[in-house]
Amino acid sequence: MEDNLDHHVLADAKPPPSEEPAPQSTVHRRIYEAKEQLSEQWHELLTDSRQNLELPLPLHPPPHPLSPKHMLQGLNLARHGVYTALSQSLPRRTLLKSLVPILGAALCLYLVGKGITLPFRLLAYFLAYLPHFYGRDLALSVLARCVAIGEYVLGWAANAIPGMGLYTARYLYPAVMDQVFFSGVRACVMVVGSGVQGMKAPKSRYLIVFSRCLEDNGSAGDGVGRLTVNSGKDTASARRHPSALLRLVSYLNRTCVHLVSYTLLTMLTRLPMIGRLVWPGLAFAYMIPLLSARRAAIILAVCWIVSPPLWKSLFAYGKGIRIWWRLRSFERELVEPYWCRSQMSRIERRDWFEKNEAILCGFSLSFFILADFLSPMWIRPIIFGIAQAAASRVVVELVSDKDVDSVVASRTS
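Residues numbered from 1 in each chain as written. Predicted model: local features only at pLDDT ≥ 70, side-chain atom pairs only at ≥ 80, totals over all residues. Heavy atoms only, no water.

## Here's the deal with the overall build of the chain
Summing up its helical and strand segments, the chain has 20 helices and zero strands in all. Within the chain, the proportion of its 413 residues that are buried is 35%. For the chain, the share of sequence-separated contacts (at least 6 apart) that also reach a separation of at least 24 residues comes to 77%. Put simply, the chain shows about 24400 Å² of open surface, and 65% of that area lies on carbon and sulfur atoms. (Helix = DSSP H or I, 4+ residues; strand = E, 2+ residues; numbered from the N terminus. Buried < 20%, exposed > 50% of the residue type's maximum accessible area, 1.4 Å probe, protein only. Contact = heavy atoms within 4.5 Å. Areas by Shrake-Rupley, 256 points an atom, 1.4 Å probe, with all protein chains shown as cover.)

Right, dumping it as structure tokens:
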């Protein structure tokens, strides 16, 4: 009996990962096992480092074309989400209560921006008139050069990390936008779930549980000082109450990767001959999965022939790429309250974003144009708050099956 059992165990055993035969002696066998263990640990370390060093979503080229049909669907969801957020009493009251901290954050960001640039503007003003009284001096020339470099660095940082002030304020105190988002989720569940469109029972059950995340633990996520610890026993609860500190660290990590990537691109544009091809080549690489290589080449060529100033602004100087990055950052930040509480892994979240990017782009495009091009600085946080309340509608529509299955499994277990 024991011989037969040993025979079956040996027959089902997997071969060693290495092609080398296992040594027979005890010492050589231990050395062999240690070598295989170190090889596996090194492979896991390399895999984790690649995942941590991969580009964030705004810098990652889209793998699928943006379908006009899906973009119109996202635009329709934006219309429906704004109507639900402003017509239902719960999200409307929550949004009105949030106007004071939102406007306060906008005012603080405006004053901080003016305070940072004020010394440079004053120095530039005085340096423009001092040579008329004292003549030109080497010290004044050096100081004027330093002021010009400081102004250039500030302008470069504004292009490299657009919206950093608003997003940083949002992550320092995430409860404001989270309350706006979840009030919109509850309103959408009541409107969509009881309307003609309807929802399946597992999805509606998940959305009901998801809409009460802040009610289960109201203090979770109130500020950076609140740190939710995942004990390993209740993973779903830890997912529903993410740490504000970890969310801030994750945002700063994405910002650092974005900043390093933009710095490298800026350095490449300074190279002779090659520098002129960096931004057009990057624009062509981004347009290939969206339009195909032939259409992208035709668009670039026609734009260069018809309007050289437009071609220089959008492609040669990288303005079009920076606008695209800002739009994708806006899309990602709108679904942040759902993402940080989802059961999806990092790779699954990326796949979810790429699969639904056309709908998210159509949903965010109107808010992005209003906030980034047509509104003054102190109006942008208000538009972002309305967009955050309306984003609940697109999350209700595109919620992941893994999250729905997790709630169903928890109910059946």
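## Looking at the environment of Leu75
Inspection of the secondary structure assignment puts Leu75 in helix α3 (residues 68-87). With a relative accessible area of 40%, Leu75 lands in the partly exposed category. Note: C-alpha distance between Leu75 and Val394 (319 residues apart in sequence) is 10.0 Å. In this structure Leu75 touches Gly362, Phe363 and Ser366, once residues within four positions along its chain are discounted.

## Here's the deal with the confidence of the model for the chain
Of the residues in the chain, 72% have a pLDDT of 70 or more, and the chain-wide mean is 76. Of the regions scoring below 50 in pLDDT, residues 48-53 engages in three contacts with residues more than four places distant in sequence or in other chains. (pLDDT = per-residue confidence, 0-100.)

## Focus: unusual backbone geometry
Backbone geometry at Met273 places phi at a positive 70°, although glycine is not the residue there. With respect to the helices, strands and loops of the structure, Met273 is situated in the loop between α11 (244-269) and α12 (278-291). Judged by its relative accessible area of 72%, Met273 is exposed.

## Comments concerning the packing of aromatic side chains
Within this structure, the stated rule accounts for 17 aromatic pairs. Ring geometry for Phe181 and Phe182: centres 5.3 Å apart, planes at 85°, overall edge-to-face. Taken as a pair, Phe181 and Phe182 share a single burial class, namely buried. When the centroid spacing of 5.7 Å and the interplanar angle of 55° are considered together, the rings of Tyr338 and Trp352 count as tilted. One end of the pair, Tyr338, is in helix α16 (residues 336-339); the other, Trp352, is in helix α17 (residues 346-355), with 14 residues separating them in the sequence. Taken individually, Tyr338 and Trp352 each receive the classification buried, so the pair is uniform in this respect. In this structure an aromatic cluster arises from ring pairing among Phe181, Phe182, Tyr206, Phe210, Tyr338, Trp339, Trp352 and Phe353. The side chain of Arg170 reaches across the aromatic face of Tyr171, ending 5.4 Å from its centre. The ring of Trp339 carries the charged tip of Arg349 above its face, separated from the ring centre by 5.9 Å. (Phe/Tyr/Trp six-rings, centres within 6.5 Å; stacked < 30°, edge-to-face > 60°. Lys NZ or Arg CZ within 6 Å of the ring centre and 35° of its normal.)

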